[in-house]
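Coordinates in review
Take a look at the letters that make up each chain.
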Amino acid sequence: MIPPVLPTYSRAPLHFVKGEGSWLIEEDGRRFLDMGAGIAVNALGHAHPALVEALTDQAGKVWHLSNLYEIPQQEELARRLVDATFADTVFFTNSGTESMELAVKMARKYWYEKGKPEKVEIISFQGAFHGRSSAAIAAAPTEKMVKGMGPLLPGFKVLPHGDWGLLKEAMTEATAAVIIEPIQGEGGIRPLASEDLKTLRAICDEAGVLLILDEVQCGVGRTGKLFAHEWAGITPDIMMAAKGIGGGFPLGAVLATEEAASGMGPGTHGSTYGGNPLGCAVGCAVLKIIADDDFLESVNRKAGTLRQKLEGLVAEFPDVFDSVRGQGLMIGLKCKVAPADLVKAGYDAEIITVPAADNVVRLLPPLTITEDEIAEAVTRLEAAAKAVSSSQQAG
Ligand SMILES: *Cc1c(COP(=O)(O)O)cnc(C)c1O
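Counting from 1, residues in each chain are numbered in the order their sequence is written. Under the rules for a predicted model, residues below a pLDDT of 70 receive no local features and side-chain atom pairs below 80 are neither given nor counted, while totals for whole chains, interfaces and linings still include all residues. The side-chain values count all of the structure's non-hydrogen atoms but skip hydrogen atoms and water molecules.

Section: the overall build of the chain
Which entries qualify depends on this criterion: Strands here mean DSSP runs of E at least two residues long; helices mean DSSP runs of H or I at least four residues long; both are numbered from the N terminus. Atoms considered for the radius of gyration are the C-alpha atoms alone. The globule rule reads 2.2 Å times the number of residues to the power 0.38. Only protein chains enter the area calculation, which uses a 1.4 Å probe; residues under 20% of their type maximum are buried, those over 50% are exposed, and those in between are partly exposed. Contacts are assigned to residue pairs that have any heavy atoms within 4.5 Å of one another. None of His or the chain ends enter the tally, which takes Lys and Arg as positive and Asp and Glu as negative. To locate a charge, the coordinates of NZ of Lys, CZ of Arg, CG of Asp or CD of Glu are taken.
The number of helices and strands found in the chain is 12 helices and 17 strands. Rg of the C-alpha trace for the chain: 21 Å, near the compact-globule value of 21 Å for 395 residues, within the 12% margin. Across its three principal axes, the chain shows a C-alpha extent of roughly 65 × 55 × 50 Å. Within the chain, buried positions represent 52% of all 395 residues. Within the chain, residue pairs in contact and separated by at least 24 positions form 71% of the contacts whose partners lie at least 6 positions apart. Here the chain holds 36 positive side-chain charges and 50 negative ones, and the gap between their average locations is 3 Å.

A word on the pairing of strand S17 (residues 360-363)
Cut-off, in case you're wondering: Strands are labelled as partners when DSSP assigns at least two bridges between them.
With burial as the criterion, each face of S17 is covered, one bearing Val360 and Arg362 and the other bearing Val361 and Leu363. By the bridge criterion, four bridges tie strand S14 (residues 330-335) to S17 in an arrangement that is antiparallel. Opposite Leu333, over in S17, you have Val361 as the bridge partner. Bridge count between strand S16 (residues 354-356) and S17: three bridges; the pairing is antiparallel. Residue pairing for S17: Pro355 is matched across the bridge by Val361. Hairpin connection, S16 to S17: the antiparallel pair is bridged by three residues, and Asp358 has positive phi, about 60°.

Quick look at the nonpolar core
Selection rule: Joining through side-chain atoms within 4.5 Å is the link that ties buried Ala, Val, Leu, Ile, Met, Phe, Trp, Tyr and Cys residues into a set, and such a set is a nonpolar core. Here the limits of each domain have been adopted from an automatic or database domain assignment.
In terms of nonpolar packing, the biggest core is built from 83 residues, with Phe92, Leu167, Val178, Leu255, Ile290, Leu310 and Phe321 touching the most fellow members. Counting residues per element, this core draws most heavily on helix H10 (residues 293-316), which supplies eight residues. Mapping this core onto the domain boundaries places at least three of its residues in each of domain 1 (16-34 + 293-394) and domain 2 (49-290). Those residues in contact with Val178 that sit more than four places away from it in its chain are Ile123, Phe125, Leu167, Met171, Leu200, Cys204, Val209, Leu210, Leu211 and Ile212. Counting residues in hydrophobic clusters, the runner-up holds 27 residues, among them Ala107, Tyr110, Trp111 and Ala177.

Digging into the environment of Asp293
With respect to the helices, strands and loops of the structure, Asp293 is situated in helix H10. Separated by 148 residues in sequence, Asp293 and Met145 have C-alpha atoms that sit 39 Å apart.

Digging into the sheet that holds strand S13 (residues 321-327)
The following threshold applies: Note on method: axes are straight lines fitted to C-alpha atoms, helices fitted across the in-contact stretch only, with angles between N-to-C directions ranging 0 to 180 degrees.
Across the sheet, four strands lie side by side as S13-S14-S17-S16; this open sheet has antiparallel pairing. Single-partner strands in this sheet number two, and they are S13 and S16. Strand after strand, the sheet turns through a mean of 30° between neighbouring axes, direction not considered. Along the sheet, H10 makes contact with S13, S14 and S17, crossing S13 at roughly 165°.

Quick notes on the domain arrangement of the chain
Which entries qualify depends on this criterion: Buried area: the accessible surface (1.4 Å probe) lost by two parts on joining, summed over both. Salt bridges are defined as contacts in which a side-chain nitrogen from Lys or Arg sits within 4 Å of a carboxyl oxygen from Asp or Glu. Distance and chemistry together define a polar contact, namely a pair of N or O atoms within 3.5 Å, with one atom able to donate a hydrogen and the other to accept it when in protein, and with adjacent residues in sequence counting only for side-chain atoms on both sides.
Here the chain is described as being made up of domain 1 (16-34 + 293-394) and domain 2 (49-290). A straight line from the C-alpha centre of domain 1 to that of domain 2 covers 28 Å. Contacts between domain 1 and domain 2 engage 20 residues on the former and 21 residues on the latter. Summing both partners gives a buried area of about 1700 Å² for domain 1 against domain 2, and 61% of it is carried by carbon and sulfur. Counting the surface domain 1 buries against domain 2, the share from its top three residues, Leu296, Gln327 and Met330, is 37%. Linking domain 1 to domain 2 there are one salt bridge. The shortest N-O distance in the salt bridge between Arg362 and Glu186 comes to 2.8 Å. Taken together, the connections running from domain 1 to domain 2 amount to nine residue pairs in polar contact (both at pLDDT 80 or more). Breaking the side of domain 1 that touches domain 2 down by element, the ones donating at least two residues are H10, S13, S14 and S17. Per-element accounting of the side of domain 1 that touches domain 2 gives the leading share, four residues, to H10.

Considering the packing of aromatic side chains
For the record, the criterion: Working definition: a ring pair exists when centres of Phe, Tyr or Trp rings (six-membered ring for Trp) sit within 6.5 Å. Plane angles under 30 degrees give stacked, over 60 give edge-to-face, the rest tilted. By definition here, charges over rings are those cases where NZ of Lys or CZ of Arg is within 6 Å of the ring centre and within 35 degrees of the ring normal.
Taken as a whole and assessed by the stated rule, the structure comprises three aromatic pairs. Where Phe16 meets Phe32, the ring centres are 5.3 Å apart and the plane angle is 75°; that geometry is what we call edge-to-face. With a gap of 16 residues between them, Phe16 in strand S1 (residues 16-20) and Phe32 in strand S3 (residues 31-34) connect regions that are remote in the sequence. Taking relative accessible area as the criterion, Phe16 reaches 31% and is therefore assigned partly exposed. When the ring of Phe125 is compared with that of Trp164, the centres are 5.7 Å apart and the planes differ by 85°; the resulting orientation is edge-to-face. Taken together, the residues span a long stretch of sequence, with Phe125 in strand S5 (residues 121-125) and Trp164 in helix H7 (residues 164-170) at a distance of 39 residues. Its end group placed over the ring of Trp111, Lys119 keeps NZ or CZ at 5.1 Å from the ring centre. Lying across the ring of Trp231, Lys225 places its NZ or CZ 4.7 Å from the centre.

So, in structure tokens, the structure goes:
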């Protein structure tokens, strides 16, 4: 019999009833060190006092207002994002997928208004993940996501990741935009080098094609810059954000230059909940903390510690781990065992990690994690690795 909750997820039998900073507390009292942060969502950990205050304060005033009216919290958050990034303008959504939808529509509308309605094709890359809408799965069509779900939204071309010669060849008069994650998240923490991002920017400029960056997972301080592309010194035309931007409140955004957004006038797009006062009040509180040089510096410092300790762990368990990769607090442990086995052994050691494609286990801790918690995380990962390693040898 089908359960009351549609069975689209395989869930671990864990019942968390409370969160405190980097910790999740199970119903039975066990304290799990949360190195997943709701897949990079709880960027400031659980129940951060500034976020609790922003949420409860706004909750006592007004939760929802239609976008038929002006929403000061939305204006403030947009202003903060514009001031802190390449963008001239922002549209608020409730998720990464919704940000993907608008990014695609905005790129197509841009060319239509420029008198080039033939430019509709979006080029994306294998291993990418852009969400679960019909457009998003057309851009990243893995078998489990698309089988039986067709027809997919047309106008997408998916290329091998990292072959820029092929990208150049694949561009035609119909190409509207290229979309890419600076660091693939679901794909297994596969980072692009700064040189790659520079090359991509140059290829797009040369071909007169828009560059869309999907920073839903790697953005909002995760890599030690406010947005990951800043490491490469390039800027996109359109950028998607979500996950960490709301610190746990469902919030997403599309950031764009004035030029790229020029097709989007009144009535061209909208959302009932997008940019609601509650979400934007929390978003402002998140950004106030993260868009700060000292805070980002602390992320980089802690990332250095974690990275060094993980290199040691990989060296200690060569039968379990292949390598460490990623940037900042977006780390992938490439495994020689099934990632699910390591994640499960992690549960026994009371540490939460997240599996990804390409045989990778992800570490995406709250950006507020402490040095002591990092040391504790590595101790617990060591216990998990030991368990997996000895069961390997036994099996
Ligand atoms: C999670 C994710 C999305 C989809 O976001 P949802 O909020 O789940 O819709 C899109 N792109 C990337 C890179 C993501 O990690």
